[in-house]
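Structural description and commentary
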Amino acid sequence: MRGTIRSSREIDAIFREGERAATRALVLLAGKTPAKRGPRGRVAFVAGKKLSNAVVRNRAKRVMRAAVHRSGGPWAGWDIVLIARSAAIDCPATELDRLLDSALRKAGAISQ
RNA sequence: GGAGUGGGCCAGGCGAUCGCGCGUGCCCUCGAAGGUACGUGAGGAAAGUCCGGACUCCACGGGCAGGGUGCCUGCUAACGGCAGGGCGGGGCGACCCGACGGAUCAGUGCCACAGAAAAGAAAACCCCCGGGGGCGACUCCGAGGAAAGCUGAAACGGUGCGGUAAGAGCGCACCAGCGUCACGGCAACGUGGCGGCUUGGCAAACCCCACCUGGAGCAAGGGCAAAUAGGAGCGAUUAAGGCUGGCCCGGCCGGCGCUCGGGUAUGCCCGCGUGAGGCCGCAGGCGACUGCGGUCCCAGAUAGAUGAUCGUCCACGACAAAAUCCGGCUUACAGGCCCACUCCACUU
RNA sequence: UGGGGCGUAGCCAAGUGGCAAGGCAGGGGACUUUGGAUCCUCUAUUCGUAGGUUCGAAUCCUACCGCCCCAG
């Protein structure tokens, strides 16, 4: 997928400085995209080792990627980091879309 | 029909829409990016990283140390793997399990507690005989003995008969074990004869014997342009010191002169998938496997590609994600299918 | 992905074949009017788990499980 954040240094910066919005299935971090990276927004997906084995972690990232795609991301001017929680694995798609939308509004990345 | 043993195979299918990696063609473009069509896209364990290799770099001269394997014979590129055989153990059976060399004929060590004694057999307890003392229980001296006895995981072959004061392979029979000879087998070993009567356990204790073993690892290693800083080869030759990724001997470097252009990124590219390869057939072999012929091309990502929504069918889907590659081992696993065989019951 | 290390009481830990030391914390008691300090005492039955070797295993061997560190 185009528009992913590749550098772990940049992801660490969003962890320190970004807006945080947590839901039942995922945690969202939002920061402004640096100007030198261009006007398009970027996203990153995180699935920690606590979740489970490699199959479950990969699936969690895919499910979040599909949700971002449906919601119209990446969002211009914003760097978004999505962290999977264990509830995301069995979460229905419509529920996940709703949670992602509310998290984006809470962090201010999209207007009301 | 029930119970079971061994081996092999599969690992949700189909359709619609949106979406992803790679390859090829086409469109656009100076090119790239992009668009589009077609093809292709995780496993039997991809896992644990327990062994063995390939490949790459370093060291290449000898020795020691260290590590590994451990019944025999094969297979293999190699193996700690596999096959066949032997021995021991388990099961009524089909079958299954086994780190299974050496403990007199190398040496050292350990065997707590208990027990008379834990490994050159015997001091004392004890058994028995003779003599002395004492009314007696008993005790002292001398000779003989290791059978019985409590203990313990284990008591210098076992059981039985004879023998004796008590005993002892002292004699005999059978069994176990040892040595030796003959036969069968490539061998492990097996069968039979003969002999003297005999030797605790632990080598997953040190060790001995036989065989194998240099070190690191694709984050190995190499290439590309900009910016910043330092190496490599050759020649002659002295000290502190350093290197030779365990140690020693031995060897080399550091200092000087000449010559040559190189190294380093959370940049990119190569390495990177035609291989000890899959499938089919024939031939050899009990088998692991091998030979020959035909045929196929079968993931290659780089924050890491397979998902979402819906329909439909059924047994309602387990364990689980390639990261340099291959051969094994081990561990996890919902279920389903096939083949061969064993035992029990019933019918004909 | 590769390399290396560690699991013993709630915490820190010693023990390398024969009874699982010690300290901190905690419970109980003594002393004290009470508290602190001090002293005495208690607490491991699965030594991360499961097998094996041995008469005997935290210790030796094998296979698993969990955690930590290093290399871009």
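Structural notes, computed from the coordinates.

Some remarks on helix H3 (residues 93–107)
Its 15 residues give H3 an end-to-end C-alpha distance of 21 Å, which sits within 8% of 21 Å, the value for a rise of 1.5 Å per residue. Looking at H3, one finds that the buried residues are Leu96, Leu99, Leu100, Ala103 and Leu104. In an axial view of H3, the angular spread of the buried residues amounts to 135°, which keeps them on one side of the axis. On its buried face, H3 sits against strand S1 (19–22), strand S2 (26–32) and helix H2 (54–71). Once H3 ends, the next one or two residues include Gly108, with phi positive near 90°.

Comments concerning the pairing of strand S4 (residues 78–84)
Counting buried residues along S4, 7 of its 7 residues qualify, which places the element largely inside the surrounding structure. Residues Trp78, Ile80, Leu82 and Ala84 point to one face of S4 and Asp79, Val81 and Ile83 to the other, with burial holding for every one of them. Across 7 bridges, S2 lies against S4 in antiparallel orientation. Looking at S4, one finds that Gly31 is bridged to Asp79. Pairing analysis gives 5 bridges linking strand S3 (residues 42–46) to S4, with the strands arranged parallel. When the sheet's bridge partners are listed, Phe45 is paired in S4 with Leu82.

Some thoughts on the packing of H2 against H3
Where H2 contacts H3, the axes come no closer than 10 Å and their chain directions differ by 70°. Overall, the two elements H2 and H3 adopt an arrangement that is roughly perpendicular. Between H2 and H3 the crossing geometry is right-handed. Counted together, Val63, Ala67, Arg70 and Ser71 of H2 and Leu96, Asp97, Leu100 and Asp101 of H3 form the full contact between these two elements. Its residues assigned to classes, the contact of H2 with H3 comprises 4 nonpolar, 1 polar and 3 charged.

Quick word on the nonpolar core
Judged by nonpolar contacts, the single largest core of 31 residues is most densely connected at Leu26, Leu28, Met64, Ile80, Leu82, Ala88 and Leu96. Every element with two or more residues in this core is listed here: S2, S3, H2, S4 and H3. Element by element, the count of residues in this core is highest for S4, at 6 residues.

Thresholds, definitions, all that
Residues numbered from 1 in each chain as written. Chains lettered and ligands numbered in written order. Predicted model: local features only at pLDDT ≥ 70, side-chain atom pairs only at ≥ 80, totals over all residues. Helix = DSSP H or I, 4+ residues; strand = E, 2+ residues; numbered from the N terminus. Expected span 1.5 Å × (residues − 1). Buried ≥ 20, exposed ≤ 12 C-beta atoms within 10 Å, placed from the backbone. Arc of directions from axis to C-beta. Contact = placed C-beta atoms within 7 Å. Pairing = 2+ DSSP bridges. Axes fitted to C-alpha atoms, helices over the stretch in contact; angles between N-to-C directions. Parallel < 35°, antiparallel > 145°, perpendicular 65-115°, else oblique. Left-handed = near helix turned anticlockwise from the far one by under 90°. Nonpolar A, V, L, I, M, F, W, Y, C, P; charged D, E, K, R; others polar. Core = buried A, V, L, I, M, F, W, Y, C linked by C-beta atoms within 7 Å.

Remember, this is a structural readout, not a statement about activity or role.
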